[in-house]
Amino acid sequence: MQHAGQLAIFEADRDWRPLLSAVLPSPPPSVTAILEDFAQYATEHRWSHQSQEASARVLRMAATWLGADTTFHEKDLRALNRACASGGRIGGLVAFLKQREQLLSSPPRRNRNEAFVQRTIAAFPPRIGDELETWVGVLRGSTRSHHLATDYSTIRRYLVYLATALAGWTSCYTTLRQVTTTDVTTAVTAVKGPRSQERAVALRSLFRALKHAKLVFADPTRGLHVTRQELLPTALAPDRLAGLLETSTNPATRLVLALVALHATSGTALPDITLSDVLLTRRQLLIRRPHGRHIVHIDDTTAALLHTWLRYRHRRWPRTANPHLLVTQQTASTTDPVCTDYIYQRFDPAGVTLRAVRADRILDEARETEDPVHLVRVFGISVTTAMKYIHAAHPHGAGPPPR
């Protein structure tokens, strides 16, 4: 029987077809025992038969060839799973082996946005690529530790906004130090409307960072001015919201719909809510945000949906260690939050978007008051955002829209 020292046969670039087509030997008692333990684990966590079968196949092959008592490499199990082409996920199998202390975890995977940024920058000529890497470093706080690090999702958007301009400059310049004010103005005026503003913001970010790092002598975006057309929130037609909760029977979906439609909870805040943030005796929900905390006072409808979801959650995954309020089949065996895409997709059957429903709720409250502080207290939004909703609800008495 092979052991941990021979794990090199499991590599991501290996052709697995010969092994998959080979007839596996009858599993020894040790393999049978670990498969039985895994089956019990899957049953306790209420896995579907398909998920359990796919992961069990991966475990059986790895344990038969390497030994049931060895330490498994996570990257090897994932490579074997891809080769099996079963389409299943093995997050639960990874959690099972980690619990048994038989797993050597892979290094954390890079954020998709970070990977996009690095891949995009690597395609530029060396000198310009180095300057772009310096820009990313400044935004991430490498030279400004007292500033909050810019998220990679924002940097990715900036690169998308800059793509056309950078492509043009790369064809005629060897360094961004050669870019002039005229070049910047031409790049910004080449597009219209919101795209012009987006490109201007990205250009300011780029050259201010390079000036901060002393890679350019003068900032070509200095004095750049783009007229911004402020888009005010709009209300949804009444028929678009009618019967919103009836569009789904899933307890998690119904809870998400209520939290957004009744309390204007943002899609980015929902995945991070934990069970400890649910204060049932006080009928409150704590929303943690980078700039502070916001307390949601739960109404009767939301309270009933919350109780229904918690009962379903406990019945469906009674042994999950995930601390988050919202869990799925994939996250129940981990401690990770659900992804934001899961939250936004809850609104697809209703034919509306989360952002539209949230904006409609805040706008509806703004019609009842001209006090932006009230909106700040009720929804935990910023004063600037509250003023935009007040102006949209009372266009003739709120003055010019805030910027």
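Check the entry above for the structure.
Note that the coordinates shown come from a computational prediction; the quantities given were computed from them, not determined experimentally.

Asks: Which residues make up the overall build of the protein, and what values go with them?
Replies: On a plain count of helices and strands, the protein comes out with 17 helices and five strands. Here the analysis covers contacts within the protein between residues at least 6 apart in sequence; of these, 61% occur between residues at least 24 apart. Surface accessibility of the protein: about 22200 Å² in total, with carbon and sulfur atoms responsible for 52%.

Asks: Kindly report on the packing of helix α3 (residues 49–66) against helix α4 (residues 74–84), identifying the contributing residues and their values.
Replies: Between α3 and α4, the least distance of the axes is 10 Å, while the angle of their chain directions is 120°. Overall, the two elements α3 and α4 adopt an arrangement that is oblique. The two elements α3 and α4 cross, and the hand of that crossing is right-handed. Every residue of α4 that contacts α3 at Arg57, Val58, Met61 and Ala62 is listed here: Leu77, Leu80, Asn81 and Cys84. Of the residues that constitute the contact of α3 with α4, the class distribution is six nonpolar, one polar and one charged.

Asks: Describe in detail the pairing of strand β4 (residues 284–289), supporting the description with residues and values.
Replies: Among the six residues of β4, five are classified as buried, and the element is accordingly described as predominantly covered. Both strand β3 (residues 278–279) and β4 contribute to a ladder of two bridges, which runs antiparallel. Residue pairing across strands places Leu279 opposite Gln284, the latter belonging to β4. Hairpin connection, β3 to β4: the antiparallel pair is bridged by four residues, and Arg283 has positive phi, about 55°. Taken together, the six bridges between β4 and strand β5 (residues 292–297) define a ladder with antiparallel strand orientation. Following the sheet pairing, Arg289 is matched in β5 by Gly292.

Asks: Could you give an account of helix α17 (residues 383–393), naming the residues involved and the relevant values?
Replies: Within α17, burial applies to Ala386, Tyr389, Ile390 and His391. Buried residues in α17 make contact with α15 (354–366) and α16 (372–379).

Asks: So what's going on with helix α13 (residues 300–316)? Which residues, and what values?
Replies: Because an α-helix completes one turn every 3.6 residues, residues spaced three or four positions apart along the sequence face the same direction. The end-to-end C-alpha separation of α13 is 24 Å, in line with the 24 Å expected for 17 residues at 1.5 Å each. Of the surrounding secondary structure, the elements contacted by the buried residues of α13 are α12 (251–263) and β3. You can read the cap of α13 off the contacts: a side-chain oxygen lies 3.2 Å from the backbone nitrogen of Thr301, and it is on Asp299.

Asks: How would you sum up the environment of Thr221? Please name residues and give values.
Replies: Within the secondary structure, Thr221 sits in the loop between α10 (194–212) and α11 (238–241). With a relative accessible area of 3%, Thr221 lands in the buried category. Residues in contact with Thr221, not counting those within four places in the same chain, are Val184, Leu203, Arg204 and Phe207.

Asks: How would you summarise the packing of helix α7 (residues 126–139) against α10 if you had to cite specific residues and measurements?
Replies: Running from amino to carboxyl end, α7 crosses α10 at an angle of 90°, the nearest separation of the two axes being 9 Å. Taken together, the axes of α7 and α10 lie roughly perpendicular to each other. On the side of α7, the interface is formed by Glu131, Leu132, Trp135, Val138 and Leu139, while α10 contributes Ser205, Leu206, Ala209, Leu210 and His212. Of the residues that constitute the contact of α7 with α10, the class distribution is seven nonpolar, two polar and one charged.

Asks: A description of the sheet that holds β3 should follow, citing residues and the corresponding values.
Replies: Spatially, the three strands line up as an open sheet ordered β3-β4-β5, and their pairing is antiparallel. In the strand order of this sheet, the two ends are held by β3 and β5, each with one partner.

Asks: Quick one: what's the story with the nonpolar core, residue by residue and with numbers?
Replies: If you look at the biggest cluster of nonpolar residues, it comprises 33 residues, and the most contacted ones within it are Leu255, Leu285, Trp309, Leu326, Ile343 and Phe347. A per-element tally of this core places α12 first, with seven residues. Every residue in contact with Leu326, bar those within four places of it in the chain, is listed here: Ala252, Leu255, Val256, Leu270, Trp309, Val338 and Ile343. Counting 32 residues, the second-largest nonpolar core is a separate cluster that includes Trp135, Val136, Trp169 and Val179.

Asks: Go over the packing of aromatic side chains, please, and point to the residues and values.
Replies: All chains considered together, the criterion is met by seven aromatic pairs. Chaining the aromatic ring pairs together yields one cluster made of Phe38, Tyr41 and Phe96. Positioned above the aromatic ring of Phe116 is the side chain of Arg156, whose terminal nitrogen or guanidinium carbon lies 4.1 Å from the ring centre. Geometry around Tyr342 places Arg346 over its ring, the cationic atom sitting 4.0 Å from the centre.

Asks: Mind laying out the pattern of salt bridges, listing which residues take part and the relevant values?
Replies: Counted according to the given criterion, the structure contains nine salt bridges. Here Arg78 ties to Glu74 by a salt bridge, and the two come within 3.0 Å at their closest N and O atoms. One end of the pair, Arg78, and the other, Glu74, are both in helix α4, four residues apart, so they sit about a helical turn from each other. It is possible to trace a salt-bridge network through shared partners that takes in Arg361, Asp364, Glu365 and Arg367.

Asks: Let's hear about the side chain of Arg204: which residues, and what values?
Replies: Structurally, Arg204 is set in helix α10. Despite its burial, Arg204 remains without a salt bridge, the nearest opposite charge being carried by Asp219 at 7.5 Å. A polar contact of 3.0 Å, which involves the side chain of Arg204, links it to the backbone oxygen of Leu224.

Definitions and limits used
- Residues numbered from 1 in each chain as written.
- Predicted model: local features only at pLDDT ≥ 70, side-chain atom pairs only at ≥ 80, totals over all residues.
- Heavy atoms only, no water.
- Helix = DSSP H or I, 4+ residues; strand = E, 2+ residues; numbered from the N terminus.
- Contact = heavy atoms within 4.5 Å.
- Areas by Shrake-Rupley, 256 points an atom, 1.4 Å probe, with all protein chains shown as cover.
- Axes fitted to C-alpha atoms, helices over the stretch in contact; angles between N-to-C directions.
- Parallel < 35°, antiparallel > 145°, perpendicular 65-115°, else oblique.
- Left-handed = near helix turned anticlockwise from the far one by under 90°.
- Nonpolar A, V, L, I, M, F, W, Y, C, P; charged D, E, K, R; others polar.
- Buried < 20%, exposed > 50% of the residue type's maximum accessible area, 1.4 Å probe, protein only.
- Pairing = 2+ DSSP bridges.
- Expected span 1.5 Å × (residues − 1).
- Polar contact = N/O pair within 3.5 Å; in protein donor to acceptor, adjacent residues only side chain to side chain.
- Core = buried A, V, L, I, M, F, W, Y, C linked by side-chain atoms within 4.5 Å.
- Phe/Tyr/Trp six-rings, centres within 6.5 Å; stacked < 30°, edge-to-face > 60°.
- Lys NZ or Arg CZ within 6 Å of the ring centre and 35° of its normal.
- Salt bridge = Lys/Arg side-chain N within 4 Å of Asp/Glu carboxyl O.
- Lys, Arg positive; Asp, Glu negative; His and termini not counted.

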